[in-house]
Amino acid sequence: MISNLSGREWITLTVLLVVLLGAAAGLVWTAIGLFRARSLIRREFSAYFLSPIAYVVLVVFLFVTGDLFANTLDLLTAKGPVGTESPMQTMFGAKLFWLVFLFIPPLLTMRLFAEERSSGTLEMLMTAPLRDWQVVLCKYLACLAFYTVLWLPTLLYLPALLGARMPLFHNAWTVTSLTFVAGLASVLVGLVMLLPHLGTTARLVSLALIVLGGMAAGIGGWLHYHAQGPHLIEVPVLLDPYPVLWTYAGMFLVGAMFLAIGLLISSLVRNQMVAAILALAVGLLFIGSGFWRPELVSSNLYNIVYFFSVPMHFERAFTRGLLDSQPIILYGSVALFCLFLTVRSLEARRWQ
Amino acid sequence: MAVTAPAPISASRRPRLFWSRLHFVIRLLGLTGGLLACAAAVLAAVQGELRTLQTATVPQQAWTAGVSLAQTAWQAPQQNLAVILCLAGAATALFTLLVELLVVLAFTATRRSAFGFNAVVQGVLAAVALIGVNLWSFHHAAQVDFTRDRQFTLPAEVRKDLAQMHPNSPTTIIVYNRHKVFALAQEKDKPEDDYDKEAQRKVIEKVHDLVEQFRALGRQFNVEVLDTESKDYKFTERLQGVTLAAARDARAGEPADDKQAQEIEAQIQTDAETLRQMIKDAPENSLFFCGRENQQFHVQHLSFNDFYLLDKTLSEDDRGGRGNLVLLYQGVEPFARRLLKLGEKKPRIAIATIHEVLSTGSEYDMGLASLRKALETRGFDVTDIVLKKENKDTSRLEPAVYSLEETKLERLKREESVVRQQLVKLQSARTAIEKERDFWAKAADDEKMRTSFLKQLAEQAPDQARQHAQDVQEIDLKLRQIRQVMQAVDNDVIRARLQRELEQSEEEREQFVELRDLWQKAIRDSAARETLLRRIIKQKADDYTTDLERIDQAVRRSERQLEQARNDKAKLNVRALEEQQQMSDLRAKLRRLLADCDLLIVPRMTLRNTAAGFPGLRPRYYPLEAEQVAAIKEFLRAGKPILACFGPLNWPQEDGGNGEPDGLENLFTELGIKMLKQTVLYDVEEKAFAENRAGLSIAGSSVEVPPLIWDWSSRDSLPPGSPDLPRPASRIRDSVRLTARGLGKDQTLELRIRDPRPVYFVPPEPPGLRTQAVALFASPAQPSWPGLTLSLTALGQSLEQARQQLHADPVFLMTSSQSWNEDNPFPSDDRIPQFEQPKSDKDNRRRLKPAAGGLETRRRGPFPIGVAVETTVPRSWYASEADKRARLRLAVIGQGGFFTGNDKQKLPGAEEKVLVHTINWLLGRDDRLPHDERVWSYPRVNDTIPPDSPTEYLWLWGVRLGLPALFAYFGLVVLLFRRLR
């Protein structure tokens, strides 16, 4: 097959390879940089759990999603002709959810730089042996991690929403299933090793175990569950699980975008409240447009509104198991752009 | 920057201050301009001035639309104030941006800010990259369907076909929501229930999903939503706009000079009107696909039910009666087919009647205008064939073959001739009246005539005076009576009426009194006679003048009629039609008319209501000539289908008696369809006859007969005495039943047919063989092996044929069991039709199958009255043994008035469904018949979480309150812990 490639195809492949290698190298370099600044990530992450506002956010968020869950469950067990075809759509297509969601990223990000700046600890941070991008990424990852933690309790809803029954275990030991189990074990060992303070080498080993184990579990699991025959564990579900998967993936991506926006704004202003209000205003552009829904018409207006409207992305795509390139690119590019500008903003403080 | 930089105290302070203030003014202007542009844009959008911009799909199109908008606004600023303001504001904002750019460039020219400039450039580049990536993403959107059942992925064949569509041929899909799920008659007065509303909402959602999938494959699809109950727009205005835009889009890109442009515009208006009419006529929620194919505007129609069908019965019964929404998915194919084959030739249906009055062009309720309307709405072409014409001399019906246009021409010619004759008569009457008027006008001045009249008056005066005195007395009496009644009556309405009558009578009395006095005076007084004569002459002259005016009016009316007839005639291709009329070979002419038709419908409306004074049309009007039958036979031999709606042949004995089956009916008999010479009467009609006879009811016609049934045993559809062969239901019956399930379990599809004719399908037997076999088998005196073998062969052959021809139950319409078959369904002075049990015929038990007469044995219902079969044309119909025998589909309904109604009436929903399903089946379009292979319903988790169970409550409240409470607890613990430190 390779021998049949034309000259142009060879060039394309080579360029792609170079780009991929460059990206991989960049990722490794970033990962090393982040590993060196892990204490900052830890500090930022643990700060959330010591702050009352994080718990307020958690409680309000869980209360609202819990209420939406209850409404969705009502529809799934309803009497009469009402119901829902996509439970995730019912939950996350609701205006109430997006109204609450609008406040979450600003509340999580408002303090990141603005607090440091107002309390005067930013200068101290800037003198630490860290590059600007390391500071920005550490704060961002910590915030993203807390955002992820925010969503973890909602996984409890899934058995009910999917109509899951008790899992079935089969004696299906193949190469792929063994790889899957070994990968999971490796991740578990890696996580356990992170708990005690075992020094840099042990931490590197644990990280390697987690990454490699995760990859092995992913590949092995994928191959095992796409092969014919009995599988190690089967969870019989009535409803389609893929929309759930893509909803969570989408929520992670949209969170990454809004947190990056919040981070940028926090780096530009001194007052936390101002940072929160500005982040809220920017978020409103993406979320508010979803509340105004033009009729299904083939006009550019509809296409433009759809392009920017996060609630519409979830209503029409993620919650129904559709993967749409437009929102994914939008979320990713805006997040990267904001992170880049945040780094530049920190740099600007240096030369000012 | 320039504004905020501290100004050094120097000699150059004044100019810096000036520039600073100028900069401020420019910025203020820019901001104001931006605000103004936004506000004006919103205003213009609300007023619909930006519609061309909104519908543009590519940047170039948007640019052209924008330029054109600006030019229009420039030429007529008063009418486009919002656009002018928007443009002015945008220009100011752009100017300010330009100034800002220059300021930034000037700022970055200093060395001090070079580092900052570097950062700005990086930021700008990043922004450009962000915009670029997202612009690319906007124009190259891709969706991947990761659902378990790939529910958002079109079948590969459809995608392949769509890929072949021309990208520059725009197609508009109009989603028309008229808030009617089913166009069924009994739903007319019934409000939509929860099932209907939810089904409607879900199907619209599904339609939108599908449209989006199609749009993802081809951007040439425009989608417009028309909602009759929308609060966002006025429906009629939007209908106007959408249809015009659809017609205009279809013609987009046609190169034309000024003259052609006018023609195209006129054509666009016509196309839009056609589309508008189709939308208005749609009986239920529908989709319309419109676009251009082969230089012509085409519209395809699809009902929501052709896409998803509500099964309310199943919905109500789901999960032990808890209910759910159950829809029967008909697949994406009906949708795709219409979209891909916009210009597909419409099936052509010929409707053969015996008179224009019974045709689809008739305005009478016995015509078939509503049938035409229903068929055309469903995408069929309809053509009429008239098989008889009225003899001018004898007024009898003679065999003929006319198209509706020919009949119309004939009628117009006759009308023209009648009106001309009428005009001649009117002219002569006018001349006569003029003479009379002149005579009386002369009488006033002619002394001799006056003397003669005065003499006559003197002679008549006593009698006339007496007569008028008597009149006055009578009217006085009447007045007294009215006054007495008025005193006795309390009712205001009656009193008012009596008052009016009283006033009129008083006026009359005054006139009579005056006449009486005049005549009394005339007895003695010559002067009074003179006055009376003058009055009489004047009265006569006035009367004749009035008559002349009336005649003039009648002449004008006749002239208008003549003009109308001439105009109507001018619209016809008279020469071609006259040539056609001259064609005397009935067979050739009918063959020619049927050549391009895909289906023939032959309605024969005979009995409509035996209990009413006017039972219907005589069966004797209908028989066709052998030549006409031969042409229809050729049509059948070609494998083309026929739907025959033949009413009973029964007719009152005193009015000529029963009709006889004609050649066409015999053709059906050869194909196995037996239509009995009987009428099915219902038990309720017996009561109606009795009431009618006793004078309790004016006409028994008001009695409602029981509806047809849709569930019966296989034995009921077979001729009496036949061995029971369990078979699946016919596709038509299945389709009707599926449609009926949309009404719910408490309702049935109420289709009532009065006075139908029993129709059976008896498969034709192998010629000769069976007769011999039965003869040999039935003679035990001479048992022989050849005879037995022959019998068994015949039996096997019969069974094989039965298996081939009766693989499904042929009956699709069945009367209720409260009915019986009647040879004489007409009540008379000494007889009321009622069911009588016949004496048992023991001989019948020994026969393999009852004789032909057996079918007509009087019995209780149910009776088959609609049969649809797919059969093979008999070999005897072909000239050569080598000819390939065609397979053909036939449907016969035992009532000719099934689809009647004038053009103002709509075919009732139930009848329309039966008609459309039958026609689709006859045309071999089985894929368009509803099916229940794919059932959709809302997912339920009742198996894992039983409703109203502790598990459900645990889930509901555990998640709603438990989880937040848990994290609130953690938060408080942390708070306390922090305080502890």
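J.: I'd like a rundown of the overall build of chain A, residues and numbers included.
T.: Counting its secondary structure elements, chain A contains 17 helices and three strands. Relative to the compact-globule value of 20 Å for 352 residues, chain A shows a C-alpha radius of gyration of 23 Å, a close match. For the C-alpha atoms alone, the extent of chain A along its principal axes is close to 65 × 55 × 50 Å. Within chain A, the fraction of its 352 residues that count as buried is 50%. The long-range share in chain A, meaning contacts at least 24 apart out of those at least 6 apart in sequence, stands at 76%. Each charge class in chain A was averaged separately, 20 positive and 15 negative side chains, and the resulting centres sit 9 Å apart.

J.: How would you sum up the interface of chain A and chain B? Please name residues and give values.
T.: Across the contact, 72 residues belong to chain A and 75 residues belong to chain B. Across the chain A/chain B interface, buried area totals approximately 6,400 Å², and carbon plus sulfur atoms make up 61% of it. Along the contact surface separating chain A from chain B lie seven salt bridges. Between Arg960(B) and Asp67(A) there is a salt bridge; the shortest N-O distance is 3.1 Å. Taken together, the connections running from chain A to chain B amount to 27 residue pairs in polar contact (both at pLDDT 80 or more). Counting only elements with at least two residues in the side of chain A that touches chain B, the list comes to α2 (38-50), α3 (52-76), α10 (158-162), α13 (242-268), α15 (300-308), β3 (322-324) and α17 (325-351) of chain A. The element best represented in the side of chain A that touches chain B is α3(A), accounting for 14 residues.

J.: Would you mind going over the packing of aromatic side chains in detail, with residue names and values included?
T.: Counting across every chain of the model gives 44 aromatic pairs over all chains. Plain terms: the ring middles of Tyr147(A) and Trp151(A) are 6.4 Å apart, the flat faces sit at 70 degrees to each other, and that makes the pair edge-to-face. Taken together, the residues span about one helical turn, with Tyr147(A) and Trp151(A) both in helix α9 (residues 132-151) at a distance of four residues. Neither residue differs from the other here; Tyr147(A) and Trp151(A) are each classed as buried. A cation sits over an aromatic face here: Arg604(B) above Phe646(B), 4.4 Å from the ring centre. Taking the ring centre of Trp712(B) as reference, the NZ or CZ of Arg733(B) above it sits at 3.6 Å.

J.: Please give an account of the sheet that holds strand β7 (residues 326-329) of chain B that cites residues and values.
T.: All names here are of chain B. With antiparallel pairing, the three strands of this open sheet are ordered in space as β6-β7-β20. One side of each edge strand has no neighbouring strand; the edge strands of this open sheet are β6 (308-310) and β20 (934-937). If you compare each strand with its neighbour and ignore which way they point, the axes differ by 35 degrees on average. Sheet topology note: the β6/β7 ladder contains three bridges and is antiparallel. Bridge pairing links Tyr-308 to Tyr-329 in β7.

J.: Give a description of the pattern of salt bridges that names residues and reports values.
T.: Note that side chains of opposite charge can pair when their charged atoms are close. Counted according to the given criterion, the structure contains 73 salt bridges over all chains. Taking the shortest distance from any N to any O, the salt bridge between Arg165(A) and Asp943(B) comes out at 3.5 Å. With one member in each of two chains, Arg165(A) in the loop between α10 and β1 (168-169) and Asp943(B) in the loop between β20 and α28 (950-980) form a pair that bridges those chains. Of the residues examined, Asp943(B) reaches a relative accessible area of 59% and is grouped as exposed. Where Arg238(B) meets Glu224(B), a salt bridge forms, and the shortest distance between an N and an O atom there is 3.2 Å. Of the two residues, Arg238(B) sits in helix α8 (residues 235-250) while Glu224(B) sits in strand β3 (residues 221-227), which places them 14 residues apart along the sequence. What you see here is one network of salt bridges that share partners, running through Arg43(A), Glu44(A), Arg111(A), Glu115(A), Glu116(A) and Lys139(A).

J.: Summarise the packing of helix α19 (residues 626-637) of chain B against helix α20 (residues 663-670) of chain B; cite the residues concerned and give the values.
T.: Residue and element names in this part refer to chain B. Between α19 and α20, whose axes approach to 9 Å, the crossing angle comes to 30 degrees. One element, α19, and the other, α20, form an angle in the roughly parallel class. Relative to α20, α19 is oriented so that their crossing is right-handed. The segment α19 lies against α20, with Val-629, Ile-632, Lys-633 and Leu-636 engaging Gly-663, Leu-664 and Leu-667.

J.: Describe a negative patch on the surface, listing the residues and the values that go with them.
T.: A cluster of acidic residues, Glu503(B), Glu507(B), Glu508(B) and Glu510(B), forms a negative patch on the protein surface. For Glu507(B), a relative accessible area of 52% puts it in the exposed group.

J.: Give me the lowdown on the domain arrangement of chain A, citing residues and values where you can.
T.: Looking at chain A, the domain boundaries give domain 1 (14-164 + 240-350) and domain 2 (167-234). Here the C-alpha centre of domain 2 of chain A lies 28 Å away from the C-alpha centre of domain 1 of chain A.

J.: A description of unusual backbone geometry should follow, citing residues and the corresponding values.
T.: All names here are of chain B. Of note, the amide linkage connecting Gly-861 to Pro-862 takes the cis form, showing an omega dihedral of 5 degrees. Positionally, Pro-862 belongs in the loop between α26 (852-855) and β18 (864-872). In this structure, Arg-319 is a non-glycine residue whose phi angle is positive, near 50 degrees. Relative to the helices and strands, Arg-319 resides in helix α10 (residues 312-321). The class of Arg-319 is partly exposed, set by a relative accessible area of 25%. Backbone geometry places Asp-948, a non-glycine residue, at a positive phi of 55 degrees. Position of Asp-948 among the secondary structure elements: in the loop between β20 and α28. A relative accessible area of 55% places Asp-948 in the exposed class.

J.: Explain the packing of α2(A) against α9(A) residue by residue, including any values.
T.: Residues and elements named next belong to chain A. One can describe the packing of α2 onto α9 by two numbers: an axis separation of 8 Å at closest approach and a directional angle of 40 degrees. What the angle tells us is that α2 and α9 run oblique. You can see that α2 and α9 cross each other, and the crossing is right-handed. Touching Leu-40, Ile-41, Arg-43, Glu-44, Phe-45, Tyr-48 and Phe-49 of α2 are Val-135, Cys-138, Lys-139, Leu-141, Ala-142, Cys-143, Ala-145, Phe-146 and Val-149, all from α9. Classifying every residue of the contact of α2 with α9 gives 13 nonpolar, no polar and three charged.

J.: How would you sum up the sheet that holds β18(B)? Please name residues and give values.
T.: All names here are of chain B. Sheet architecture is open: eight strands sit in the order β10-β9-β8-β11-β12-β19-β18-β16, paired in mixed fashion. The sheet terminates laterally at β10 (397-403) and β16 (811-814), the two strands that pair on one side only. Within this sheet the neighbouring strands show an average axis-to-axis angle of 15 degrees, counted without direction. Bridge analysis of strand β12 (residues 642-646) against strand β19 (residues 887-893) gives four bridges, and the strand direction is parallel. Within β19, the position partnered with Cys-645 by the bridge is Ile-893. Along the sheet face, helix α18 (residues 586-595) touches β8 (348-353), β9 (381-390), β10 and β11 (599-604) and points at about 35 degrees away from the line of β10.

Definitions and limits used
- Residues numbered from 1 in each chain as written.
- Chains lettered and ligands numbered in written order.
- Predicted model: local features only at pLDDT ≥ 70, side-chain atom pairs only at ≥ 80, totals over all residues.
- Heavy atoms only, no water.
- Helix = DSSP H or I, 4+ residues; strand = E, 2+ residues; numbered from the N terminus.
- Rg over C-alpha atoms; globule rule 2.2 N^0.38 Å.
- Buried < 20%, exposed > 50% of the residue type's maximum accessible area, 1.4 Å probe, protein only.
- Contact = heavy atoms within 4.5 Å.
- Lys, Arg positive; Asp, Glu negative; His and termini not counted.
- Charge placed at Lys NZ, Arg CZ, Asp CG, Glu CD.
- Buried area = accessible area lost by both parts, 1.4 Å probe.
- Salt bridge = Lys/Arg side-chain N within 4 Å of Asp/Glu carboxyl O.
- Polar contact = N/O pair within 3.5 Å; in protein donor to acceptor, adjacent residues only side chain to side chain.
- Phe/Tyr/Trp six-rings, centres within 6.5 Å; stacked < 30°, edge-to-face > 60°.
- Lys NZ or Arg CZ within 6 Å of the ring centre and 35° of its normal.
- Pairing = 2+ DSSP bridges.
- Axes fitted to C-alpha atoms, helices over the stretch in contact; angles between N-to-C directions.
- Parallel < 35°, antiparallel > 145°, perpendicular 65-115°, else oblique.
- Left-handed = near helix turned anticlockwise from the far one by under 90°.
- Patch = residues over 30% accessible without salt bridge, like charges linked within 9 Å, V, L, I, M, F, W, Y side chains within 5 Å.
- Areas by Shrake-Rupley, 256 points an atom, 1.4 Å probe, with all protein chains shown as cover.
- Domains from an automatic or database assignment.
- Nonpolar A, V, L, I, M, F, W, Y, C, P; charged D, E, K, R; others polar.

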